[in-house]
Amino acid sequence: MKQIKYLVMTFAAVCLTVGLTSCEKEVEKIVEKPVEKIVEKEKIVEKEVEVPVPQDNNWSRYQSIVTNDVLSQKKHDKVILLVAFGSTWQQAFNAFDETKAAYKEKFPDYDVFLSYSSAICINRAAAGENAADGAEIRNYYAPPFWLNAFADKDVQYGEIVVQSLQVIPGEEYTRVINYIKDFANNANGDLDDTYLANVTLKLGVPLLQDAEADVNLVAKELNALYSNKAAEGVVAFMGHGNPDSYDTYKANIRYTELETALQTYSKNYFVGTVDMMGNFKTHVYQRMQKAGISSGKVYLHPLMSIDGDHGHNDMGGDDDDNWKDGVGFTPNEEGEVEDTSWKNYFQHLGFECNDETVMHYGLLELPTIRQVWMNHTQDAIDGEPLDYYHSKNPE
């Protein structure tokens, strides 16, 4: 009897084990299917993450603003982009506005826009650096934004003329050239190569590009404007100049050449700079002494496209920290008297130089000088398109 019970219990245990094993297999089958579905869902999620998300940064926002501006104003298939270094002064803003208006009148078949090449000026103008002095808050943008907008699929100008508003063919003009090269070669790879291969690109050169034709013409026009002042005393023009280590193409020589050309009209013309080695206001004074000029009036005039910070402060400002009564000036190692304006410098040397003899006119505000830039634009339009074969196909 006990054996029978034992056999029965053993049989029952076997059945139970078989049943449990069978249930486990069923459970595995049931669980396997949801796992497969979860894996499939994960794959779908991964594909959704890979979808490109539009960028939201300053560059993309600025590009959108400029492109929309071009779209809203586009009237022609040809465009002129004026490229200035920039400024934060209202007088400069007005000069740029007048220049754009003059260009639109002179070139009625072209749309006209203006850009800044200086990031500092762009940021400070947008921040309203001189708002306390009545200057507007202005948004200017760098040339790449405008060039990219001109190539936008909804714009695509057939002809693009870039006109440099620089005075000399130096450092800033080199930047303008490089902007055009980067654009033509699709540096960021985000433009239509077919469009770039067919668009006509042209470049208008700076005011004093040519050592003879431009320098002599500008000297002639400046003398026509200021010969009466030169008859009364010295007329000293203050250019910017490149620091010696950045004297690209040795462009600083144009200031010396312009002074030589002006002095064919009167020995009272002089041209100095803010940054050109050996041609600071102290060197202008040395040349005046050599010419026998030791007293009288000194008229000051910016030799820059606009009368901005340099004109109002470095040239005609009231900065006078370098002068010490009983000691005089303390020149730096380059011979310049820093922290004293041209106006106060010549005052202390005994000349009649004051607010009344400071002429606050940028060159763009002088129609006959502005016309020289316009001549360069016309020459560019009439000339051959820029050839980028070698930059696109390096040997």
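Here the residue index of a chain counts from 1 through its sequence in written order. Restriction of local features to residues with pLDDT of at least 70 applies here, the model being predicted, together with a cutoff of 80 or more for giving and counting side-chain atom pairs; totals for whole chains, interfaces and linings are based on all residues. Working from all heavy atoms in the structure, the side-chain values ignore hydrogens and water.

1. Focus on helix 5 (residues 143–150)
The buried label goes to any residue with under 20% of its type's maximum accessible area, the exposed label to any with over 50%, and the partly exposed label to all in between, with areas taken from a 1.4 Å probe on protein chains only. Under the DSSP-based scheme used, a helix requires at least four consecutive residues in state H or I and a strand at least two consecutive residues in state E, with every element numbered from the N terminus. Most of helix 5 is tucked away: 7 of the 8 residues are buried. Every buried residue of helix 5 is accounted for by Pro143, Phe145, Trp146, Leu147, Asn148, Ala149 and Phe150. In this structure, the buried residues of helix 5 make contact with helix 2 (58–73), strand 1 (78–84), strand 2 (111–116), strand 3 (159–164), helix 6 (171–184) and helix 7 (193–198). Should any heavy atoms of two residues lie within 4.5 Å, those residues are counted as being in contact.

2. Regarding the pattern of salt bridges
A side-chain nitrogen of Lys or Arg and a carboxyl oxygen of Asp or Glu constitute a salt bridge if their distance falls within 4 Å. For the structure shown, the criterion picks out 11 salt bridges. Here Lys297 makes a salt bridge to Glu232, at a shortest N to O gap of 3.6 Å. Pair noted here: Lys297 is in strand 7 (residues 297–302) and Glu232 is in helix 8 (residues 213–232), with a separation of 65 residues, a long-range link. With relative accessibility at 47%, the residue Glu232 sits in the partly exposed group. For the salt bridge of Lys343 with Asp355, the shortest nitrogen-to-oxygen distance reads 2.8 Å.

3. Comments concerning the packing of helix 8 against helix 9 (residues 253–262)
Comment: axis = line fitted to C-alpha atoms, over the contacting stretch for helices; angle = value between 0 and 180 degrees taken between N-to-C directions. In the contact formed by helix 8 and helix 9, the axes pass within 9 Å of each other and the chain directions differ by 50°. It follows from the interaxial angle that helix 8 and helix 9 lie oblique. Note that helix 8 runs across helix 9; the crossing there is right-handed. Residues Val215, Asn216, Val218, Ala219, Leu222 and Asn223 of helix 8 form the contact with helix 9, whose own contacting residues are Arg254, Glu257, Leu258, Ala261 and Leu262. When residue character is reported, Ala, Val, Leu, Ile, Met, Phe, Trp, Tyr, Cys and Pro are called nonpolar, Asp, Glu, Lys and Arg charged, and the others, Gly included, polar. Among the residues forming the contact of helix 8 with helix 9, the class breakdown is 7 nonpolar, 2 polar and 2 charged. Roughly parallel here means an angle under 35 degrees, roughly antiparallel means over 145, roughly perpendicular means 65 to 115, and every remaining angle is called oblique. Crossing handedness: left-handed means the near helix sits turned counterclockwise from the far one by under a right angle, and right-handed means the same turn made clockwise.

4. Some words on the sheet that holds strand 1
If you walk across this open sheet you meet the 4 strands as 2-1-3-4, and the pairing is parallel. On the outer flanks of this sheet lie strand 2 and strand 4 (200–204), each paired with one strand and no other. With strand direction ignored, the average angle separating the axes of adjacent strands in the sheet is 20°. Strands were regarded as paired on the criterion that DSSP finds at least two bridges between them. Relative to strand 2, strand 1 is paired through 6 bridges, and the arrangement is parallel. In the sheet register, Ile80 faces strand 2, and the bridge partner there is Val112.

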